[in-house]
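# Analysis of the macromolecular model
One-letter residues, chain by chain:
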Amino acid sequence: MAELRHLVLVLGDQLDLEAAAFDGFDTRHDAVWMAEVAEESTHVWSSKPRTALFLAAMRHFAQALQAAGRPLHYTRLGSGAGSLAAQLQADVLRLRPQQLVMTAPGDWRVLQALKAVARDAGLVLDVREDRHFYCSVRDFAAHAQGRKQLRMEFFYREQRQRHRVLMEPSPGGADQPVGGQWNFDADNREAFGNSGPGAVPPRSRFAPDTITQEVLQLVNTRFAQHPGDLQHFAWPVTRAQALQALHTFISERLPLFGRYQDAMWPGDPWLYHAHLSSALNLKLLNPREVVAAAEAAYRSGLVPLASAEGFIRQILGWREYVRGVYWTQMPAYAERNALGAQAELPAWYWTGDTDMACLRDALQQTLAHGYANHIQRLMVTGLYTLMLGVRPQQVHAWYLAVYVDAVEWVELPNTLGMSQYADGGVMASKPYVATGKYIQRMSPHCKGCRYDPAQRSGDTACPYTTLYWDFLLRHEKRLAKNARMALQVKNVARLTPADRAAITERSAALRAGSVGCSTPALQS
Ligand SMILES: Cc1cc2nc3c(=O)[nH]c(=O)nc-3n(C[C@H](O)[C@H](O)[C@H](O)COP(=O)(O)OP(=O)(O)OC[C@H]3O[C@@H](n4cnc5c(N)ncnc54)[C@H](O)[C@@H]3O)c2cc1C
Ligand code: SF4
């Protein structure tokens, strides 16, 4: 066997033939290494749709590598070791490469494990910049340096200027944002109203081919006890499918994306959203082509500016920002618990068995598809655990397990920071807390619910409303110091001792599971 120069490691979320790890790849001397291992589905209780998506996309990428003539060592689930580290260790002994090469991974735990294998084997592990992203970790650290507080909006403006996205020359010659303002957030908060969302163009569905069907069968057998189901599986698993999904979104749903970005409708998580996060996070799509397509649609008059800007802000702003936060704050970030939350995650988060209409809908869609839209994640599932006071590490493990787009660099700051405020304000300037009236405003869920969003105590009180007041009571001192919470905290003073006692009592019942769960036994 000819001597192996570079063994290029490709992880399940690095499915890009143009990745930095392939720079200088020589088919005569180098080979690619990929491995399906059980640990990636068990270190958190990964849902069936999430595991299936990763495996199906990896197997299709293996085909693309072979078509490109790149030699490949691929281990299938069950035929090798149980973890990435153990499999790599065995393959290094067998293949004896001179060096290991990889693109920077998306998970701190995986990077440490692979570094340890290389160290023990006495090999160099060349970890290359992940140029999928607009902003390198070094550039983000430079942006963060010396700032008392990080704020996405300032980072986003810098990104727009630096990459000349939605910019135009001002009369004075300098660049200014198109439309004269950076942000059209205020235009992007409409609900659907009584008549509902109407005929929303359907989401792109990709019928499982033979490779994917084999994976679905494997996952159903091997991970039978894991949450979620696979009967609706239709995610893009190849680059060609991902591009098709992108073009359909831009032409059919982006025009109304901005307007209805925060709206919810029972039984329909898809609405005008892009459903592109998994394709982006697996690196089947490049964010530059996604942003360019949205900007081109605006410039050709197909899409209003508020929609194009609102969408681009998610990709060029939020997505890059959370990655910067993750890599500049890890590993301590994962352990943060600024509010000292200690409650257990309700067991029915894994089944959807709750009598709260909004939460049941979001949980059931999550388990059926591995998907919920942003507002469901932030203002339904996340809002409930935040106000219930669930330990953020348990909430993080749930989000990382259930969504098809969940990779730690993006999931952790969104969950622990933006949603649970466990980082004490790195990601968000205040905790996102609200009563059930917010959900009532953004959806018709409350009409079909046994609870009343206007009540904060009593048998029919909406659990969100009760927990909102309980949250303010429990954290009153801390929140009073936050200027953005001052108005909300001020209202606590109006509560009588009897109000306070009733709120505290019902919140305790919610934590104990005697209220909120359709089958109380599931709570424990
Ligand atoms: C608690 C919580 C957990 C989350 N976990 C994940 C996760 O594991 N993986 C993930 O990709 N996103 C996560 N998000 C962000 C966001 O909810 C999803 O990216 C979005 O819902 C994916 O659906 P979509 O493609 O239809 O997005 P759209 O609403 O159509 O948005 C377009 C794109 O913008 C990007 N985007 C939007 N918001 C964010 C954000 N806050 N952070 C990063 N990228 C963003 C995504 O790539 C998305 O595809 C989380 C949000 C919250 C509140
Ligand atoms: S009443 Fe409360 S629990 Fe019921 S749907 Fe409305 S917000 Fe959700």
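As a reminder, the structure under discussion sits directly above these lines.
Everything quoted here is computed from the prediction, not taken from an experiment.

Note on placement: Thr75 falls in strand 3 (residues 72-75). A relative accessible area of 10% places Thr75 in the buried class. Excluding residues that lie within four positions of it along the chain, Thr75 makes contacts with Met34, Ala35, Glu36, Gly80, Gln87 and Asp91.

This part takes up the packing of aromatic side chains. In this description, a pair of aromatic rings is defined by centroid distance and the angle of the planes. Counted by the stated rule, this structure contains 25 aromatic pairs. Residues Phe257 and Phe311 carry aromatic rings whose centres are separated by 5.5 Å and whose planes lie at 85 degrees to one another, so their mutual orientation is edge-to-face. Of this pair, Phe257 sits in helix 8 (residues 239-257) while Phe311 is found in helix 11 (residues 305-329), placing the two residues 54 residues apart along the sequence. Its relative accessible area of 5% is what places Phe257 among the buried residues. Relative to Tyr349, the ring of Trp348 lies with its centre 5.3 Å away and its plane at 35 degrees, an arrangement referred to as tilted. A relative accessible area of 1% places Trp348 in the buried class.

Between the first and last C-alpha of helix 20 (residues 497-512) there are 23 Å, a value that for 16 residues agrees with the 22 Å anticipated at 1.5 Å per step. Listing the buried residues of helix 20 in full gives Ile503, Arg506, Ser507, Ala509 and Leu510. Taken around the axis of helix 20, the buried residues stretch over an arc of 155 degrees, which confines them to a single face. Turned more than 90 degrees from where helix 20 packs its buried face, Pro497, Ala498, Glu505 and Ala512 sit exposed. Of the surrounding secondary structure, the elements contacted by the buried residues of helix 20 are helix 13 (374-388) and helix 17 (463-474). Of the residues flanking the end of helix 20, it is Gly513, one or two places downstream, whose phi is positive at about 90 degrees.

Our next topic: the site of ligand 2. Every residue lining ligand 2 is accounted for by Met356, Ala357, Cys358, Gly436, Ile439, His445, Cys446, Cys449, Tyr451, Pro453, Cys462 and Tyr464. Of all the elements in the fold, those that place two or more residues in the shell around ligand 2 are helix 12 (357-369) and helix 16 (436-442). Looking at the shell around ligand 2 residue by residue, the classes come out as 10 nonpolar, 2 polar and no charged.

Reading the values: rules and limits
Residues numbered from 1 in each chain as written. Chains lettered and ligands numbered in written order. Predicted model: local features only at pLDDT ≥ 70, side-chain atom pairs only at ≥ 80, totals over all residues. Heavy atoms only, no water. Helix = DSSP H or I, 4+ residues; strand = E, 2+ residues; numbered from the N terminus. Buried < 20%, exposed > 50% of the residue type's maximum accessible area, 1.4 Å probe, protein only. Contact = heavy atoms within 4.5 Å. Phe/Tyr/Trp six-rings, centres within 6.5 Å; stacked < 30°, edge-to-face > 60°. Expected span 1.5 Å × (residues − 1). Arc of directions from axis to C-beta. Near = heavy atom within 4 Å. Nonpolar A, V, L, I, M, F, W, Y, C, P; charged D, E, K, R; others polar.

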